[in-house]
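Residue-level structural notes
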Amino acid sequence: MTPRIRWAIAVLMGVTIFRAQTILFLPQLEMFGGPAPDGWFGPWLSDTIIGFALPVMLYLFWTRRSAAIWGVLVAYNAVGAFDYSQGLITQVISPMPAEMASATTVYLGIGLFMTAQIAALGLLFRRDVIAAFTGRG
């Protein structure tokens, strides 16, 4: 795995740290007296958990090498991309109020970060990256 690929994966994973801020959005749900539809509870809660796990995943990515770690990184990025897809579906079914964010902002933001997560996942499946983690090459 070249340094360029290593940095690309780290940056693509790293930009998703913004999902941790969704913990601040939870009080905005209708169930807590806020203006946002309750349909956002699942995506925001999972975003929070995945966001807080990111530093651990980056640490593992930079410091550990094994097939198990590679599998954890693949699973993390796959679940992250799936979570973003759920955010897109939630925006269609239960749109976020315009006073919180415009629909365009929501779709572009979620779509961009989902693309970053999928790109990181794609890079993890490169032959040289797999070889770096498994020792087979």
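For the structure, see preceding data.
Figured I'd write up the structure that's included with this text. For every chain, the first residue of the written sequence is number 1, and numbering continues from 1 along that sequence. It should be noted that, the model being predicted, local features are given only for residues of pLDDT at least 70 and side-chain atom pairs only at 80 or more, the latter also being counted only at that level, while totals for whole chains, interfaces and linings use all residues. Each side-chain value is derived from all of the structure's non-hydrogen atoms; neither hydrogens nor water enter the calculation.

Before going further, it helps to examine the overall build of the chain. Within the chain one finds 5 helices and 0 strands. Secondary structure is summarised from DSSP: a helix means a run of H or I of at least four residues, a strand means a run of E of at least two, and numbering begins at the N terminus for each. Listing every helix and strand of the chain by position from the N terminus yields α-α-α-α-α. By the burial criterion, 41% of the 137 residues in the chain qualify as buried. Two residues form a contact once any of their heavy atoms are found within 4.5 Å. Across the chain, contacts joining residues at least 24 apart in sequence account for 75% of those joining residues at least 6 apart. Charge counting follows a simple rule: Lys and Arg are positive, Asp and Glu are negative, and His as well as the terminal groups are ignored. To locate a charge, take atom NZ for lysine, CZ for arginine, CG for aspartate or CD for glutamate. In the chain, 8 positive and 6 negative side-chain charges are present, and the distance between their average locations comes to 28 Å. For every residue, the accessible area (1.4 Å probe, protein chains only) is compared with the maximum for its type, and the residue is labelled buried under 20%, exposed over 50%, or partly exposed between those bounds.

In this fold, Met 96 is placed in the loop between helix 3 (67-93) and helix 4 (103-124). Residues Met 96 and Trp 40 lie 56 residues apart in sequence; the distance between their C-alpha atoms is 8.0 Å. Excluding residues that lie within four positions of it along the chain, Met 96 makes contacts with Pro 37, Trp 40, Trp 44, Gln 91, Ala 101 and Val 106.

The grouping of Met 31, Phe 32, Phe 41, Leu 45 and Ile 49 at the surface amounts to a nonpolar patch, some 470 Å² of accessible area in total. For Ile 49, the location among the structural elements is in helix 2 (residues 41-63). Patch building starts from residues that exceed 30% relative accessible area and form no salt bridge, then joins like charges within 9 Å and nonpolar side chains (Val, Leu, Ile, Met, Phe, Trp, Tyr) within 5 Å. Note on areas: these come from Shrake-Rupley sampling with a 1.4 Å probe, and a residue is covered only by the protein chains present in the view. The rule for a salt bridge is simple: a side-chain nitrogen of Lys or Arg has to be within 4 Å of a carboxyl oxygen of Asp or Glu.

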